[in-house]
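Each chain, written out:
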Amino acid sequence: MPNWVNEAYLDYSKRLRQDCQLKLIDISAVKRTKNADLAKIKDLESDKLVQAIPKGDWVVALEVKGQSWSTETLSGKMTQWMQQGQHVSLLIGGPEGMNETCRQRADQLWSLSPLTLPHPMVRVIVAEQLYRAWSIIKNHPYHR
């Protein structure tokens, strides 16, 4: 990842230290060649995502066909997640997205946007939105 992505992600994750923590598990993308079988690559990457989910986690897959949430709605979801007492795994697919196995494993499907966003940008947007939603929960002035 470019330095700006790592710096931005770390900045937001450090702000969330009090009640929740962001832990990044980076799964390397399969190398794509000119004649690559993209369906097979999507399956391989999806399998890696599912295998990386810790047992007992609530799973939210970021999926273009998922539900679109406002920041206030995300704040409500975070409140529910924290009250459940489970860790939450957020799945972000590769360039081809996720296969059906990943989507079926998810407890919720969340769409950031109908736009196609680059993976580095998604990482930063998710971290920022989680911090913003947390700031609403804590009545912190950041959201204003």
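Provided above is the structure to which this section pertains.
Residues numbered from 1 in each chain as written. Predicted model: local features only at pLDDT ≥ 70, side-chain atom pairs only at ≥ 80, totals over all residues. Heavy atoms only, no water.

Undergrad: I'd like to hear about the overall build of the protein, residue by residue, with values.
TA: Scanning the protein from terminus to terminus reveals five helices and three strands. In the protein, the succession of helices and strands from N to C terminus is α-α-β-α-β-α-β-α. In terms of overall size, the protein behaves like a compact globule, its C-alpha atoms giving a radius of gyration of 15 Å where 144 residues would be expected to give roughly 15 Å. Relative to its full complement of 144 residues, the protein shows a buried share of 35%. (Helix = DSSP H or I, 4+ residues; strand = E, 2+ residues; numbered from the N terminus. Rg over C-alpha atoms; globule rule 2.2 N^0.38 Å. Buried < 20%, exposed > 50% of the residue type's maximum accessible area, 1.4 Å probe, protein only.)

Undergrad: Pulling in residues and values, what's your account of the pattern of salt bridges?
TA: With the rule as written, the count across this model stands at eight salt bridges. Its salt-bridge partner being glutamate 100, residue arginine 103 comes within 3.1 Å of it at the nearest N-O pair. Remark: glutamate 100 and arginine 103 occur in helix α4 (residues 100-105); sequence separation between them is three residues, near one turn of the helix. A relative accessible area of 42% means that glutamate 100 is categorised as partly exposed. Because the salt bridges share partners, they merge into one network encompassing Arg32, Glu45 and Glu96. (Salt bridge = Lys/Arg side-chain N within 4 Å of Asp/Glu carboxyl O.)

Undergrad: I'd like a description of the packing of aromatic side chains, backed by residues and values.
TA: Inspection of every chain in the model, using the stated rule, returns four aromatic pairs. Considering the side-chain rings of tryptophan 69 and tryptophan 110, the 5.0 Å spacing of their centres and the 15 degrees angle between planes classify their relative orientation as stacked. Of this pair, tryptophan 69 sits in the loop between β1 (58-68) and α3 (71-84) while tryptophan 110 sits in strand β3 (residues 108-111), placing them 41 residues apart in sequence. For tryptophan 69, a relative accessible area of 11% puts it in the buried group. Given the relative accessible area of 2%, tryptophan 110 is considered buried. Plain terms: the ring middles of tyrosine 131 and tryptophan 134 are 5.7 Å apart, the flat faces sit at 25 degrees to each other, and that makes the pair stacked. Of the two residues, tyrosine 131 and tryptophan 134 are both situated in helix α5 (residues 119-137); the distance of three residues between them amounts to about one turn of the helix. Accessibility expressed as a relative area gives 5% for tyrosine 131, which makes it buried. Aromatic rings pair up to connect Tyr12, Tyr131 and Trp134 into one cluster. A cation over an aromatic ring shows up here: arginine 15 above the ring of tyrosine 131, its NZ or CZ 5.1 Å from the ring centre. (Phe/Tyr/Trp six-rings, centres within 6.5 Å; stacked < 30°, edge-to-face > 60°. Lys NZ or Arg CZ within 6 Å of the ring centre and 35° of its normal.)

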